[in-house]
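# Survey of secondary and tertiary structure
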Amino acid sequence: MSRLVLVLGDQLSPEIAALKVADKDRDIVVMAEVTDETGYVPHHPKKIALVLAAMRKFAARLRDDGWQVRYSELDDSENAGSIVGELLRRSEETGASEVLATEPGEWRLITALQEAPIPVSLLEDDRFLASHKAFESWAEGRKSLRMEYFYREMRRKTGYLMDGDKPEGGQWNYDKENRKPPPGEVGFGGPMAFTPDATVEAVLDLVEARFSDNFGSLRPFTLATDRGQARRALAHFIKHALPKFGDYQDAMLNDDRFLYHALISPYLNIGLLDLREVCAAAEEAYRAGDAPLNAVEGFIRQVIGWREFVRGVYFLEGPDYPRNNKLNQQRKLPWLYWGGETRMTCLAKTVEQTREEAYAHHIQRLMVTGNFALLAGIDPAEVHEWYLAVYADAYEWVEAPNVVGMSQFADGGLFASKPYVSSGAYIDRMSDYCGSCAYDVKTKLGEGACPFNLLYWHFLDRQRDRLEGNGRMGNMYRTWDRIDAGKRAQILEEAEAFLERMSAGEVV
Ligand code: FAD
Ligand code: DLZ
Ligand code: SF4
């Protein structure tokens, strides 16, 4: 009896677990574009187009490789609208009575498959280095989860940048050589751009017709949509940007959206690239003398450290993790996140770039949009939904820990030792945004004061009961307490007034 082999839109690898155990001669691959998946958040049109185009091309590749594939397009009249619905329809059609699936990257879909009225065997997704079991045993008994220690285990396990049992160069982490302020000029010129072929054009027309109300520009669409293109994009990054990746990892520029970043997360996350080939290519550049150790170590740490670590946290913590709100922040996400006008250049630029590219780099996500939401007291559930919708690389397993945990501290500090908050000074140091802003980053209160400066103290003051006991926050509270009482009251009053105006829909 044949089985159905489910391949989801972010599992587009011939090495995916379900395909590895399936039998090409008798099993039937099911792939389905469905409204449940295109609509659980208002995804950026570029993200929908990327997933659907890559799915169609991957299905064609599987057919070429001899697989039987039942593929449902979004507009098919029989389309049941959900993954489980499509499995049931294909089961009736083919007589197959069981399903082989690779575990989805989201609890919502795992539960749906577990509760489906057809037997589903869920196989662990072995595209990652750390299995659920391995992460659980690493985490067991630890008072706090710190990425750095987990990362060292991943280095030992993979052998990347190892010199015997010692880290290459003698240190595990070269971050102190990274994080330089923005360069005057960037030589990278951005990621490799691909002209849409006929398959991509057909998807673009579909997405335009169905999702033009979603936040985000669909065209120009230049993302890679198959493995060959994704590999070329990777090679382009390794050659032209990796050497400076470390130096300018945290920098932000008005006129350069990508600096020396890789832009490979959308491809890694849907299966067009494998983390092992990505890390091997980076290490090879180092061994060949084409990229320095600080850059290559920093890059590999993101991929085998942070990426694996946040996934471990997501699955360790369970389905309720994204609903954490330990700081009890309740304000609604302001309209400026959806492109509403704002006078704050840093936010305007980050949101504009997000709308046009479905991309912002780590520091823009953490220290601009994330920092502002945290300082302004936005409900983390709304922040989570926004991030899940607007970035081409957003899947809950990676997005939720980064947003709810790292950026919004809504899990109470499960793995971040303190909230990532800063006044405008940090943004000024790491970007050229402040020079063209209506606010003055050097002004702490009164006319033209940078809102980050006001909200920083407002946040610390209103969260005092929860955060003062954190050893790493002591200095901040001591500085706040040294400010003259009258001035403190004025800062809080001005911050309140700003938040009121923002929530009332005024342009701030
Ligand atoms: P580079 O800066 O060039 O880094 C190389 C690779 O390292 C990335 O492609 C990515 O695969 C990996 N990486 C780096 N940092 C992280 C991290 N913190 N967690 C996981 N992987 C990491 N990443 C996502 O893939 N999806 C998300 O939805 C997502 N949401 C985020 C939300 C917030 C608030 C923050 C602070 C970070 C988020 N990240 C997310 C992590 C990171 O911002 C992106 O992976 C990165 O910006 C992708 O761009 P890049 O390929 O140019 O990365
Ligand atoms: C993100 C996405 C979108 C937009 N559309 C589909 C789809 O139509 N069919 C599909 O199989 N997968 C899609 N995906 C990816 C899924 O949402 C993803 O598999 C889950 O969120 C689990 O990570
Ligand atoms: Fe952002 Fe403040 Fe700088 Fe304006 S002055 S760009 S609001 S940090």
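The rules behind these values
- Once a new chain begins, its residue numbering starts again from 1 and follows that chain's sequence as written.
- To label them, take the chains in the order written and letter them from A, then take the ligands in the order written and number them from 1.
- Only residues with pLDDT of 70 or above have their local features reported here, since the model is predicted, and side-chain atom pairs are shown and tallied only from 80 upward, although totals for entire chains, interfaces and linings are computed over all residues.
- Note: side-chain values were computed over all heavy atoms of the structure, leaving out hydrogens and water.
- In this text, near means that some heavy atom of the residue lies within 4 Å of the molecule or strand in question.
- Each residue receives one of three labels: charged for Asp, Glu, Lys and Arg, nonpolar for Ala, Val, Leu, Ile, Met, Phe, Trp, Tyr, Cys and Pro, and polar for the others, Gly being one of them.
- Using a grid of 1 Å spacing that covers the protein atoms alone, one calls a set of points a cavity when a 1.4 Å probe fits there but cannot get out, and a pocket when the set is open and has protein on both sides within 12 Å along at least five of seven lines; lining residues are those with an atom within 4 Å of a point.
- Grid points are joined across faces, edges and corners, and a volume is the space filled by probe spheres set on the points.
- Secondary structure elements are taken from DSSP: a helix is a run of H or I of four residues or more, a strand is a run of E of two residues or more, and numbering for both begins at the N terminus.
- Residue ranges for the domains trace back to a domain assignment, done automatically or taken from a database.
- Every residue pair with non-hydrogen atoms within 4.5 Å of one another is taken to be in contact.
- What gets called buried area is simply the loss in accessible area from a 1.4 Å probe that two parts show on being joined, summed for both.
- Just to be clear on terms, a salt bridge is a Lys or Arg side-chain nitrogen sitting within 4 Å of an Asp or Glu carboxyl oxygen.
- We define a polar contact as two N or O atoms separated by no more than 3.5 Å, with the added condition that, inside protein, one atom must be a possible hydrogen donor and the other a possible acceptor, whereas residues neighbouring each other in sequence contribute only through side-chain atom pairs.
- Helix span is expected to be 1.5 Å times the residue number reduced by one.
- Whether a residue is buried, partly exposed or exposed follows from its accessible area with a 1.4 Å probe, protein chains only, as a fraction of its type maximum: under 20%, in between, or over 50%, in that order.
- Each pair of strands is called paired provided DSSP finds at least two bridges between the two strands.
- For crossovers, right-handed means that the path from the first strand over the helix to the second runs clockwise, given strands pointing away from the viewer.
- Interaxial angles span 0 to 180 degrees and are taken between N-to-C directions of axes, which are lines fitted to C-alpha atoms, for helices over the stretch in contact.
- By definition in this entry, angles of less than 35 degrees are roughly parallel, angles greater than 145 are roughly antiparallel, angles of 65 to 115 are roughly perpendicular, and the rest are oblique.
- With residues, only the protein chains shown are counted as cover, and all accessible areas are computed by Shrake-Rupley using a 1.4 Å probe.

Before going further, it helps to examine the site of ligand 3. Around ligand 3 sit M344, C346, G424, I427, Y433, C434, C437, Y439, V441, C450 and F452, and that is every residue in its neighbourhood. Class assignment of the residues belonging to the shell around ligand 3 gives a composition of ten nonpolar, one polar and no charged.

The next point concerns the layout of surface pockets. Computed from the structure, the second largest pocket encloses a volume of approximately 300 Å³. P191, T222, L223, F258 and E357 are the residues nearest the centre of the second largest pocket, which is lined by 17 residues in total. Mapped by element, the contributors of at least two residues to the lining of the second largest pocket are α9 (227–240) and α14 (345–357). At three residues, α9 tops the list of elements feeding residues into the lining of the second largest pocket. A breakdown of the residues in the lining of the second largest pocket according to their chemical character gives eleven nonpolar, two polar and four charged.

Turning our attention to the domain arrangement of the protein chain. By domain assignment, the protein chain separates into domain 1 (4–123), domain 2 (132–190 + 241–313) and domain 3 (335–503). Contact residues are listed per partner, giving eight residues for domain 1 and eight residues for domain 2. For the domain 1 and domain 2 pair, buried surface summed over both sides reaches about 540 Å², with 62% attributable to carbon and sulfur atoms. Where domain 1 touches domain 2, the interface holds zero salt bridges. At the boundary of domain 1 and domain 2, one finds two residue pairs in polar contact (both at pLDDT 80 or more). The residue inventory of the side of domain 1 that touches domain 2, partitioned by class, reads three nonpolar, three polar and two charged.

With that out of the way, let us pick up helix α3 (residues 45–64). Between its first and last C-alpha, α3 extends 29 Å over 20 residues, near the 28 Å set by a 1.5 Å rise per residue. The element α3 is extensively covered by neighbouring structure, given that 16 of its 20 residues are classed as buried. G66 occupies a position one or two residues after α3 and carries a positive phi of about 100°.

What follows concerns the pairing of strand β5 (residues 120–123). Across four bridges, the pairing between strand β4 (residues 99–102) and β5 is parallel. Residue A101 lies in a different strand from β5, and its bridge partner there is L122. The parallel pair β4 and β5, bridged by helix α5 (residues 107–114), forms a crossover whose chirality is right-handed.

Here we come to the side chain of D125. Inspection of the secondary structure puts D125 in the loop between β5 and α6 (132–139). Overall, the relative accessible area of 6% leaves D125 in the buried class. Of the polar contacts made by the side chain of D125, one reaches the side chain of R127; its length is 2.7 Å. Not counting chain neighbours up to four residues away, the residues in contact with D125 comprise I16, T102, E103 and R311.

Okay, the packing of helix α13 (residues 293–317) against helix α17 (residues 396–407) next. In the contact formed by α13 and α17, the axes pass within 8 Å of each other and the chain directions differ by 85°. As summarised for this structure, α13 and α17 are arranged roughly perpendicular, according to the angle between their axes. Taking contact as the criterion, the partners of W306, R307, V310, R311, V313, Y314 and F315 in α13 are, on α17, E396, W397, V398, A400, P401, N402 and M406. Considered class by class, the residues forming the contact of α13 with α17 number ten nonpolar, one polar and three charged.

Our focus in this paragraph is the pattern of salt bridges. Within the structure shown, the criterion is met by 39 salt bridges. Across the salt bridge formed by R257 and E352, the nearest N and O atoms sit 3.5 Å from each other. Of the two residues, R257 is situated in the loop between α10 (242–245) and α11 (265–270) and E352 in helix α14; the sequence distance between them amounts to 95 residues. Judged by relative accessible area, E352 falls into the partly exposed class, the value being 29%. Among the ionic contacts, a cluster of salt bridges with common partners joins R70, E86, R89, R90 and E93.

Let us now look at the site of ligand 1. Contacts to ligand 1 come from 28 residues, most closely from H261, A262, L263, N269 and Y359. Measuring from an oxygen atom of ligand 1, one finds a side-chain N or O atom of Y359 at 2.7 Å. In this structure, N402 approaches ligand 1 through a side-chain N or O atom, which is 2.9 Å from a nitrogen atom. Surface burial for ligand 1 is 99%, taken as the share of its 810 Å² of free accessible area covered by protein chains. If one sorts the elements of the shell around ligand 1 by residue count, α17 sits on top with six residues. Partitioning the shell around ligand 1 into residue classes produces 16 nonpolar, eight polar and four charged. Counting contributing residues, the shell around ligand 1 receives three or more from each of domain 2 (132–190 + 241–313) and domain 3 (335–503).

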